[in-house]
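Structural characterization, general
Here is how the chains run, residue by residue.
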Amino acid sequence: MQIDRNTLGDGQMAQLFANNREWAAASLARDPEFFSRLVSQQAPAYLWIGCSDSRVPANEIVGLAPGEVFVHRNVANLVLHSDMNCLSVLQYAVEVLKVRDIIICGHYGCGGVAASIQSGSMGLISNWLRPIRELAEFHAGTLEHLRGTARTDRLCELNVVKQVANVANTTIVQDAWHRGQKLSVHGLCYGLGDGILRDLNVSVSV
Ligand code: CO
């Protein structure tokens, strides 16, 4: 493999480096200890499991700085019991970082959720989204009365509720609760159109 040395110096990548230097300088100007404090440890109180969608940046929409939220994102914010990536994040967050709140954050207008109920295959992603399609089949009685965006938005909410249950049922969270560790799981849904987070009122804790 050949590395193109110009790639990082030109065009849109160069802009990122310029932005980064500006951000680092501004962060230091605001708080001279900012980076030295983060080097020594991270102690986030929250684990965020959200969608990869570029319009739902975890830290930004809840006003948290680096070091304050541990983040896992994938297409349509799924927590599957066979996903080593997500489960490893969950285990580290619960057992090592000892976060107090786990947030499953879906969002209205989720392309992954919409794609899950479209007909026809989209290749690999259809396999990933299959659990949402099954969820839609399970809730067909509710969803059939809704049309268009109302239907997908309701499915976005139902998907979050399902993922809250999935997190709560993992051995990781079950074991934590048996140990008496203080830990809550919450389901939220974010509005792309207004920037507002809705609490789906499905929080679980013991
Ligand atoms: Co999405």
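On a predicted model such as this, the values are computed, not experimentally measured, just so you know. (Residues numbered from 1 in each chain as written. Predicted model: local features only at pLDDT ≥ 70, side-chain atom pairs only at ≥ 80, totals over all residues. Heavy atoms only, no water.)

Regarding the overall build of the protein chain
When helices and strands are counted, the protein chain shows 9 helices and 6 strands. Principal-axis analysis of the C-alpha atoms gives the protein chain an extent of 55 × 45 × 40 Å. In the protein chain, which comprises 206 residues, the share counted as buried stands at 36%. Considering only contacts in the protein chain between residues 6 or more positions apart, those separated by 24 or more positions represent 61%. Here the protein chain contributes 17 positive and 19 negative side-chain charges, whose respective centroids are spaced 3 Å apart. (Helix = DSSP H or I, 4+ residues; strand = E, 2+ residues; numbered from the N terminus. Buried < 20%, exposed > 50% of the residue type's maximum accessible area, 1.4 Å probe, protein only. Contact = heavy atoms within 4.5 Å. Lys, Arg positive; Asp, Glu negative; His and termini not counted. Charge placed at Lys NZ, Arg CZ, Asp CG, Glu CD.)

Observations concerning the pattern of salt bridges
If the charged atoms of two oppositely charged side chains come close together, the side chains can form a pair. Considering all chains together, one arrives at 6 salt bridges under this definition. A salt bridge links R130 to E134, with the shortest nitrogen-to-oxygen separation between them at 3.3 Å. Taken together, the residues span about one helical turn, with R130 and E134 both in helix α6 (residues 124-138) at a distance of 4 residues. Residue E134 is classed as partly exposed on the basis of its relative accessible area of 43%. (Salt bridge = Lys/Arg side-chain N within 4 Å of Asp/Glu carboxyl O.)

Remarks on the coordination of the cobalt ion
Put simply, the ideal angle at a metal is 109.5 degrees for four donors in tetrahedral geometry and 90 or 180 degrees for six donors in octahedral geometry. Donor atoms from the polypeptide that coordinate the cobalt ion comprise C51 (SG), H107 (NE2) and C110 (SG), at 2.1 to 2.3 Å from the metal. Read in sequence order, the donor residues for the cobalt ion give the motif C-x55-H-x2-C. Taken as a pair, C51 in strand β1 (residues 46-51) and C110 in the loop between β3 (101-107) and α5 (111-116) lie far apart in primary sequence, 59 residues in all. Comparing C51 with C110, the two get one shared label, buried. (Donors = N, O, S within 2.8 Å, 3.2 Å for Na, K, Ca; no water.)

Some details on unusual backbone geometry
Trans peptide bonds make up the majority, and among non-glycine residues the majority have a negative phi. Although it is not a glycine, A76 sits at a positive phi angle of roughly 70°. Of note, A76 is situated in the loop between β2 (69-74) and α4 (84-96). Relative accessible area serves as the criterion here: at 0%, A76 is assigned to the buried category. A positive phi angle is found at N77, which is not glycine, with a value near 40°. If you trace the backbone, N77 turns up in the loop between β2 and α4. We classify N77 as buried; its relative accessible area is 1%.

Structural notes on the packing of aromatic side chains
All chains considered together, the criterion is met by 4 aromatic pairs. For the ring pair F34 and F35, a centre distance of 5.0 Å and an interplane angle of 75° mean the geometry is edge-to-face. The class of F34 is buried, set by a relative accessible area of 11%. Members of the aromatic cluster, connected to one another through ring pairs, are W23, F34 and F35. (Phe/Tyr/Trp six-rings, centres within 6.5 Å; stacked < 30°, edge-to-face > 60°.)

Looking at α4
For α4, which comprises 13 residues, the first-to-last C-alpha distance of 17 Å matches the rise-based estimate of 18 Å (1.5 Å per residue) to within 8%. Listing the buried residues of α4 in full gives C86, L87, V89, L90, A93 and V94. In an axial view of α4, the angular spread of the buried residues amounts to 160°, which keeps them on one side of the axis. Taken together, the buried residues of α4 touch β1, β2, β3, α8 (148-168) and α9 (171-179). Near the N-terminus of α4, the side chain that reaches the backbone nitrogen of N85, with its oxygen 3.1 Å away, is that of D83. Among the residues trailing α4, K98 stands out with phi positive, at a value near 55°. (Expected span 1.5 Å × (residues − 1). Arc of directions from axis to C-beta. Polar contact = N/O pair within 3.5 Å; in protein donor to acceptor, adjacent residues only side chain to side chain.)

Some remarks on the layout of surface pockets
The space that makes up the largest pocket amounts to roughly 150 Å³. Forming the walls of the largest pocket are V79, L80, H81, P131, E134, L135, F138, H139, K162, Q163 and N166. Counting only elements with at least two residues in the lining of the largest pocket, the list comes to α6 and α8. Looking at the lining of the largest pocket element by element, the count peaks at 4 residues for α6. In the lining of the largest pocket, the residues fall into 5 nonpolar, 4 polar and 2 charged. (1 Å grid on protein atoms, 1.4 Å probe; cavity = no way out; pocket = protein on both sides within 12 Å on 5 of 7 lines; lining within 4 Å. Points joined across faces, edges and corners; volume = space filled by probe spheres on them. Nonpolar A, V, L, I, M, F, W, Y, C, P; charged D, E, K, R; others polar.)

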